[in-house]
Amino acid sequence: MDSQEMIDLCKKHTLYSWSKTNAVSPLPVARAEGIHFWTPEGKRYIDFNSQLMSVNVGHCNPKINAAMKKQMDILMFVHPGTATEPRAKLGQKLAELTPGDIDRFFFTLSGAEANENAIRAARLCTGKQKILSRYRSYHGATNLCMQLTGDPRRWHNEPGAPGVVRVMDPWPYEFSFGKTESEITENNLRYLEEIIMYEGPETIAAMIIETVTGTNGILPPPAGYLVGLRALLDKYGILLICDEVMAGFGRTGKMFACEHGPIVPDILTMAKGLTSSYAPLGAVGMRPNVYKFFEDHVFWGGLTYNSHCLGLAAALANLEVYEEEDLVGNAARLEHVMREEMQRIKDKHPTVKSFRCIGLFGMVDLQKDSKGTPMAPYNGTAEAMTKLGQRFGELGLFTFIRWGSFMANPPLIITEAQLREAWAIVDEALDVTHPYFEG
Ligand SMILES: Cc1ncc(COP(=O)(O)O)c(C=O)c1O
């Protein structure tokens, strides 16, 4: 098929997420390899967002493809009550890789299902119902996960599952509760403690956080926040769930972002980088204080495709690639290149307001004036951002634009030279935003 045929048929018979069909213009993709993908006509793109921050090992890794093909010939699907070799091996491998004493796992097909089952486990084992979550978050598109989610994707999915109390993040959108990072942390935790008091600690099962906030700003927590939060929740007998669907598996320069704390959550959810999106798979990791409850009590959850062999085989091969190619180390080593390049474009382009990055997890915010007014408002668009997106495309760079910011999340296999090539394209593309700078 050529690009137009693909686009027309896809739009005629399929629905696109979070979109009006008449407003989407899907990018036609025919094949992919490494950090690149191509349209049917052969136009090449650098994948500067690892698709959905998930193809961490890059596209079409031959080792993972071979492992999946091999598994297909041996065993594809048996019901979730069986024992299989990939299930045995992946559980053992994740127990090795995840921090602290997290060593039992429930497999799902997606990040949302991982979070659904994390909340289920927390509620069952504590006997409490209420969940705290934060505004600047995305936890998935199922009914409960939409209510855990703070960002505007929740608005049109309300009212949804009850029992969720949303709180402010340590980094608020417009202003800050302190000058230094330690003040910000201290004030936010003091505010959180007051909320816990008003809500009643004996009613709160857990708090869920993205350890490093992803889509809502690539926001690493301020100094001391994770350790302080862990201690606060322990004080009130509230479980901590770290959603590492996006931040996990090397993206931040450590295998799991909670290692930056360092903290060990009671429950750790994962998906995306678990298979680098070669197959749909998520997982809920639990510490003994959670999983021991289910030794004598029923875990009231299940999925037809729980522990599907194809996903488990993809995950096992994918985790080997991380180790063999030291991809977590590569993400940590290239963080300084990301920062250098971000600083360079900030120095050069008046429309660049600020940037953040941890490992190969980064975002750049644009401004329309020197007072720092965001180029597009919260949940809004602006012509400058649309033009920037178009220019990225023309120059062969794929990434996501969100409101007044754009993402910088390449596959963890990227080399320094490739990374600098991608930033050179960003630099060139940013020229189109200059006419929108009001001074
Ligand atoms: C932090 C986080 N949690 C959960 C999800 C939901 O994952 P899925 O789309 O696989 O259901 C996402 C997806 O982007 C995510 O970024």
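Everything that follows concerns the structure shown earlier in this document.
Conventions and cut-offs
- Residues numbered from 1 in each chain as written.
- Predicted model: local features only at pLDDT ≥ 70, side-chain atom pairs only at ≥ 80, totals over all residues.
- Pairing = 2+ DSSP bridges.
- Helix = DSSP H or I, 4+ residues; strand = E, 2+ residues; numbered from the N terminus.
- Buried ≥ 20, exposed ≤ 12 C-beta atoms within 10 Å, placed from the backbone.
- Near = placed C-beta within 6 Å.
- Nonpolar A, V, L, I, M, F, W, Y, C, P; charged D, E, K, R; others polar.
- Expected span 1.5 Å × (residues − 1).
- Arc of directions from axis to C-beta.
- Contact = placed C-beta atoms within 7 Å.
- Axes fitted to C-alpha atoms, helices over the stretch in contact; angles between N-to-C directions.

1. A word on the sheet that holds strand E1 (residues 31–33)
The 4 strands lie next to each other as E1-E2-E3-E13, forming an open sheet whose pairing is mixed. The strands lining the two open edges of the sheet, one partner per strand, are E1 and strand E13 (397–398). Sheet topology places strand E3 (residues 44–47) next to E13; 2 bridges connect them, and they run parallel. Its bridge partner lying in E13, Asp47 is registered against Phe398.

2. Overview of the environment of Glu335
Looking at the secondary structure, you find Glu335 in helix H13 (residues 335–348). C-beta crowding within 10 Å serves as the criterion here: with 17 such atoms nearby, Glu335 is assigned to the partly exposed category. Residues Glu335 and Gln51 lie 284 residues apart in sequence; the distance between their C-alpha atoms is 19 Å.

3. Examining the pairing of strand E10 (residues 282–286)
Most of E10 sits inside the fold, with 5 of its 5 residues counted as buried. Residues Gly282, Val284 and Met286 of E10 are buried on one face, and the alternating residues Ala283 and Gly285, pointing to the opposite face, are buried as well. Two strands pair when backbone bridges link them, and strand E4 (residues 104–108) and E10 are joined in this way by 5 bridges, in the antiparallel orientation. Bridged to Phe107 within E10 is Ala283. Of the strand pairs in this sheet, strand E9 (residues 267–270) and E10 are connected by 4 bridges, and their pairing is antiparallel. Among the inter-strand pairings, Thr269 is bridged to a residue of E10, identified as Val284.

4. Examining the site of the ligand
Neighbouring the ligand are 15 residues; Ser110, Gly111, Ala112, Gly140 and Val245 lie closest to it. If you tally residues by element for the shell around the ligand, the top one is helix H5 (residues 111–126), at 3 residues. When the residues that make up the shell around the ligand are grouped by side-chain class, the tally is 6 nonpolar, 7 polar and 2 charged.

5. Notes on helix H7 (residues 181–199)
Compared with an ideal rise of 1.5 Å per residue, which puts 19 residues at 27 Å, H7 spans 27 Å between its outermost C-alpha atoms and is within 8% of the ideal. Ile184, Thr185, Asn188, Leu192 and Ile196 are the residues of H7 that are buried. For H7, the angular spread of buried residues about the axis comes to 105 degrees, placing them on one side. Exposed side of H7, more than 90 degrees from the buried face: Arg190, Glu194, Met197 and Tyr198 are the residues found there. On its buried face, H7 sits against strand E6 (164–167), strand E7 (204–210) and helix H8 (225–235). Just downstream of H7 lies Gly200, where phi reads positive at about 90 degrees.

6. Section: the sheet that holds E10
Read across the sheet, 7 strands follow the order E4-E10-E9-E8-E7-E5-E6 without closing on themselves; strand pairing throughout is mixed. Each edge of the open sheet is held by one strand with a lone partner, namely E4 and E6. Across the sheet, the mean angle separating the axes of adjacent strands is 20 degrees when strand polarity is ignored. Running over the sheet, H5 touches E4, strand E5 (130–134), E7, strand E8 (239–243), E9 and E10 and is turned about 25 degrees from E10.

Distances and angles like these do not, on their own, reveal function.
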